[in-house]
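# Observations on chain architecture
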Amino acid sequence: MRAHRTLIVSLILAVVLAATASAAPKRLLIDGSTSMLPLVKKLAQAYHKAFPKLPEPSVTGGESDIGISDVAAGRVDIGDVSREHEAQDPAGLYGYKIARDGICVITNNANPLPSLSQETLSEIFTGTIRDWSEVPGAKVSGPIDLFDRESTSGTQSAFQNIFLGEERKITPSATAESSTGLEVNAVAAEKSAIGFVSLAATIGGGVHSVDYQGVQCTLPNAKSGQYGGVRNFWMLTKGPKKGEAAKFIKWIQADNKTVHAIITSEWIALN
Amino acid sequence: MAVLVLIGAMLATVLVKAWPSFSHNGLSWFGPGGNVDTQLRAMAESKALPGHSLYYFRGWTLIWGTLLTTVGAVLIALVVSMLAAVFLTEFAPPAIRRVLDPVIRLLAGVPSVIYGLIGILVIAPYIDEHWISNARRVSVGYVVQLNGNDVMTATLILTLMILPIMVAITASALASVPAAWREGSLALGVNRWRTIWRVSLRTARPAIAAATVLATARALGEAVMLAMVAGGRGFAPNLLDGITALFEPVRPLAATILQNDEGLTIPALSHTIYAIAAVLLVSAGMLSFAGWFAKQRFNRYGIRA
Amino acid sequence: MAATELAPAPPAGSVIARAPRDRTASWPLIDRVGYWLCWAVGIGLCLVALAIVAFMAVKGLSYLSLGQLVHSPAPSVVQSQSGGFLDPIEGTLIVAALGTSIAAPLGVAIAVWLSEYRRPSWLARTVESAIEIVAGAPSVVLALFGLLIFAQSFLGFLSQRAATGVVNGRSFFAAGAVMALLALPLIVASTREGLAQLPDRLREASYALGRTRATTIRRILLSAVRPDIATGTALGMGRIIGDTAIIKILLGAGLTLQPVGQTPVAGLLRGTGPTLTTYIYENSPAGEGLAPQKAYAAAFVLLLIVLGLNGIVTWLTSRGGQSGGGGLNRAFRLIPFMPNPSG
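Reading the values: the criteria
Residues numbered from 1 in each chain as written. Chains lettered and ligands numbered in written order. Predicted model: local features only at pLDDT ≥ 70, side-chain atom pairs only at ≥ 80, totals over all residues. Helix = DSSP H or I, 4+ residues; strand = E, 2+ residues; numbered from the N terminus. Buried ≥ 20, exposed ≤ 12 C-beta atoms within 10 Å, placed from the backbone. Contact = placed C-beta atoms within 7 Å. Nonpolar A, V, L, I, M, F, W, Y, C, P; charged D, E, K, R; others polar. Core = buried A, V, L, I, M, F, W, Y, C linked by C-beta atoms within 7 Å. Expected span 1.5 Å × (residues − 1). Bend = angle between axes of the 7 residues up to and from the residue. Axes fitted to C-alpha atoms, helices over the stretch in contact; angles between N-to-C directions. Parallel < 35°, antiparallel > 145°, perpendicular 65-115°, else oblique. Left-handed = near helix turned anticlockwise from the far one by under 90°. Pairing = 2+ DSSP bridges. pLDDT = per-residue confidence, 0-100.

### Some details on the overall build of chain B
A count of helices and strands for chain B gives 13 helices and zero strands. Element order for chain B, N to C, with α for helix and β for strand: α-α-α-α-α-α-α-α-α-α-α-α-α. Overall, chain B is about 75 × 60 × 30 Å in size when its C-alpha atoms are taken along their principal axes. Among the 305 residues that make up chain B, the fraction classed as buried is 57%. Restricting the contact set of chain B to residue pairs at least 6 apart, pairs at least 24 apart contribute 81%.

### Here's the deal with the overall build of chain A
Counting its regular elements, chain A contains ten helices and ten strands. With respect to the principal axes defined by its C-alpha atoms, chain A has extents near 80 × 50 × 35 Å. The buried share of chain A, taken over its 271 residues, is 49%. Considering only residue pairs separated by 6 or more positions, chain A has 74% of its internal contacts joining residues 24 or more positions apart.

### Thoughts on the environment of A:E244
All names here are of chain A. Tracing the sequence through the fold places E244 in helix α9 (residues 243–253). On the basis of neighbour count, E244 is assigned to the partly exposed category, with 19 C-beta atoms found within 10 Å. Spatially, the C-alpha atoms of E244 and L29 are 10 Å apart, while their sequence positions differ by 215 residues.

### Digging into the interface of chain B and chain C
A common way to state how big an interface is: give the accessible area lost once the parts meet. Between chain B and chain C, the contact holds 67 residues from the first and 70 residues from the second. Broken down by element, the residue count for the side of chain B that touches chain C peaks at nine residues, all from helix α4 (residues 94–109) of chain B. For the side of chain B that touches chain C, a count of residues per class yields 52 nonpolar, eight polar and seven charged.

### Comments concerning the nonpolar core
Core analysis: the largest hydrophobic core is formed by 193 residues, its most contacted members being B:I162, B:A277, C:L144 and C:A299. Those residues in contact with B:I162 that sit more than four places away from it in its chain are B:A73, B:V74, B:A77, B:A215, B:R218 and B:A219. Among the nonpolar cores identified, the runner-up in size contains 67 residues, and A:M36, A:F159, A:I194 and A:F233 belong to it.

### Some remarks on helix α7 (residues 151–175) of chain B
Helical geometry: 3.6 residues make up each α-helical turn, so side chains three or four residues apart lie on a common side. Residue and element names in this part refer to chain B. The terminal C-alpha atoms of α7, which comprises 25 residues, lie 35 Å apart, in line with the 36 Å expected from a rise of 1.5 Å per residue. Approximately 35° is the largest bend angle found in α7, and it occurs at I162, with the proline P164 only one to four residues beyond. Among the 25 residues of α7, 23 are classified as buried, and the element is accordingly described as predominantly covered.

### Structural notes on the packing of helix α8 (residues 179–187) of chain B against helix α9 (residues 192–203) of chain B
Residue and element names in this part refer to chain B. Two elements in contact, α8 and α9, have axes separated by 10 Å at closest approach and are oriented at 160°. Viewed along their axes, α8 and α9 adopt a mutual orientation that is roughly antiparallel. The interaxial crossing formed by α8 with α9 has right-handed handedness. Along the contact surface, α8 presents W181, R182, S185 and L186, while α9 presents T195, V199, S200 and T203. Grouping the constituent residues of the contact of α8 with α9 by class yields three nonpolar, four polar and one charged.

### What to know about the pairing of strand β3 (residues 78–81) of chain A
Residue and element names in this part refer to chain A. Taking every second residue as pointing to the same face, both faces of β3 are buried, with I78 and D80 on one and G79 and V81 on the other. Bridge count between strand β1 (residues 29–32) and β3: three bridges; the pairing is parallel. Pairing of G32 across the sheet is with D80, part of β3. One ladder, built from three bridges, connects β3 with strand β10 (residues 230–238); its direction is antiparallel. Looking at the pairing, V81 lines up with W234 of β10.

### Examining α4(B)
Between its terminal C-alpha atoms α4(B) stretches 23 Å, which fits the 22 Å expected from 16 residues at 1.5 Å a residue. If you check which residues of α4(B) are buried, you get B:L100, B:V103, B:I104, B:R105, B:L107, B:A108 and B:G109. Turning to α4(B), the residues buried within the fold contact α3 (60–91) and α7 of chain B together with α2 (29–63), α9 (226–242) and α13 (292–319) of chain C.

### Remarks on the confidence of the model for chain A
A low pLDDT score tells you not to read the predicted coordinates there in detail. Model confidence for chain A is summarised by a mean pLDDT of 85, while 91% of its residues fall at 70 or above. When the elements of chain A are averaged for pLDDT, helix α1 (residues 2–23) of chain A gives the smallest value, 62, and β3(A) the largest, 92.

### Thoughts on the environment of A:Y227
All names here are of chain A. Here Y227 lies in the loop between α8 (219–224) and β10. When the 22 C-beta atoms within 10 Å are taken as the criterion, Y227 is described as buried. Expressed as a C-alpha distance, the spacing of Y227 and V215, which sit twelve residues apart in the sequence, is 5.9 Å.

Listed below in structure tokens is the structure:
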């Protein structure tokens, strides 16, 4: 008897759940670039605050290339990508620019490297220079601990294009981290570490950002164009944007006061 | 019974989901070849590596990493747990015994994340600064960078995690050795140490076998702590490198599953991850069987665990 | 033989206690080395455990503030100052409650069936092996299995769907269900032990008075083994609370509770969120957050909870069911089923 009662109760519960599930508006699923993650998360929160009836979009990371393949396969509604379009990207994806962001070269706080020229930088990252003794201005000694990003990272593609040029590749012996957060953690933990990361991730302290060709890697410099290492933030959809995704992207690109304030806090607005 | 159906379904579904990965790679799934990280990334991007199918995967690197850490930890834990169990049952004064009992239960109950936290925040930096010299770093610098997250840290903490089970079971078995056997040995003039070694521990062999099996099963399944501490790079240390091999990063099987869990929606990657899970499941099953078998062999003269 | 007293006659039953002391100084060197090794290991173990607890306590207390227990995590770039861990604590409670509420009735039912009915016997043996397999399976594998089940379309109402219709499969429901699998072997083992210790005359007396088997079980046996059920449940809860792998795979790595839909309880359970364990993982250097301070504080809270549960188990086993003194031994015998308090 008791068993039957439990069965009936759970069946009723299941029916109720199913009913509420189908009634609720579908939740937007967004994933992709880990550099864009903090920005899109804040935008999603503000979006939900502005439209309480709509569920807050779910934002996760996974790196830009994963975002591209997920949105192409229909697993998510919007893919965040932090680099430009490349030849091998799947066809049929539409991109909407939402912001710009700088890339900083970072070192551990124990090694406040003053500045790096393009030549020294590419020699360090391609593995030609392996010891801090060969780098002018280094405050630590010993072998260089190089931190890279995974090949699926948009930041890595952008870094290679902007700082290293087309021919040179980062040495494969570098430790590849799989997200912006992990890269910052890794460099903050090792005294002889050097890596590269989104400008927004350096704002909280914890790592030292190195001047590039004499220009400090700060938000004003990136905005004004003085600092060279800047890249675009894109939101991709499969086919032209539609439905909930279109609403969200349109709201961001409309650039009202809230959105503008969020973007300009640590990134560069488009206008 | 519904539970039986559920568990049978679990075995069946994991194996079915894993099959494509095995069928594309055949037995060389277990072999070496290429960089396993690159292969996993290629699957995540759904872009096949040049010259290979999308499912191309060579898991030896991960298996080797798992073997290194698990076997190392179990061997060390075997020795240490026997000594500790002997201490607990024979030599410890009652006051210390009253302390040691809850201590062991405490160590058994500490969650993996906390062990991992201590490992990654305390032990790894310590090893990184004090035990890995610059010369060592440079010697492998062309292939991999060393920091404190490596085989040694992983094995040490894993040993600490499986010790409590082994100590508890061994101590329980030692306490159940019939008093008459010990007293007989002592009456013959054998000193306490040898009595313990020759009589008690021998009698407790089935229990020790069971404890080892359980500990190995736990070490195999440990994912979180190893994901935090073992280095996270698919790299197979070459034991011919000597001590340096102990300082190189590895990524055991369970940790690989945990670190790639975001890729479960991508078909190729998810088949590979389920294949890894199937390997783990089958190993755990074989371990249980091995343990049962060992117990049967030792049971002739020993005590049941 | 004349009864000359060369040594005092030992009292009955205890030869060891009255024998002349076996001085370790008289042993050969290698035996003495073994002796000192044992002492070293034993004391070392105590010291290591003490060091872990003390370190966690010191670090945790230095970073813990009572406000953190009641504030939600606030995402910000400067993680070390912002927000608390109310959401992870709630998440842990939800998962533990779900898991034990599914596992306890199921586990007790299985244990009762295994020890009282056992028909047909091949089924009983298969069920026992199945429970052992679940007990020994790594928690990552259980989590993957759970994901497979809950990602099926017809169970989509238990989690959320993408706009394209693909079921996510990650929710508190999923995590709770798989956690129940974790706790099940412990509850089954503990209850079976308790039932096995009950003397047969209890059952016989009840039958003699004309009660059916079902009534006997329900009214007499179950109330007699209540402490064992409680022990098993507490052990199971401890194992659930300490697990990270299942949560990470089945609940994602968010920082705040994310309910799905508007219905109050069901929405929460269909959504995702953090628990203390994933919170610690995410805030450690292995995760995204650059906030080891928060990780320490949360780890300290987690350790307190687990220690508290351990203490409850000790208290329960010391009271013991039918055999009070066998409590400690019983607890030891349960340890084989506790191999993975976490994953």
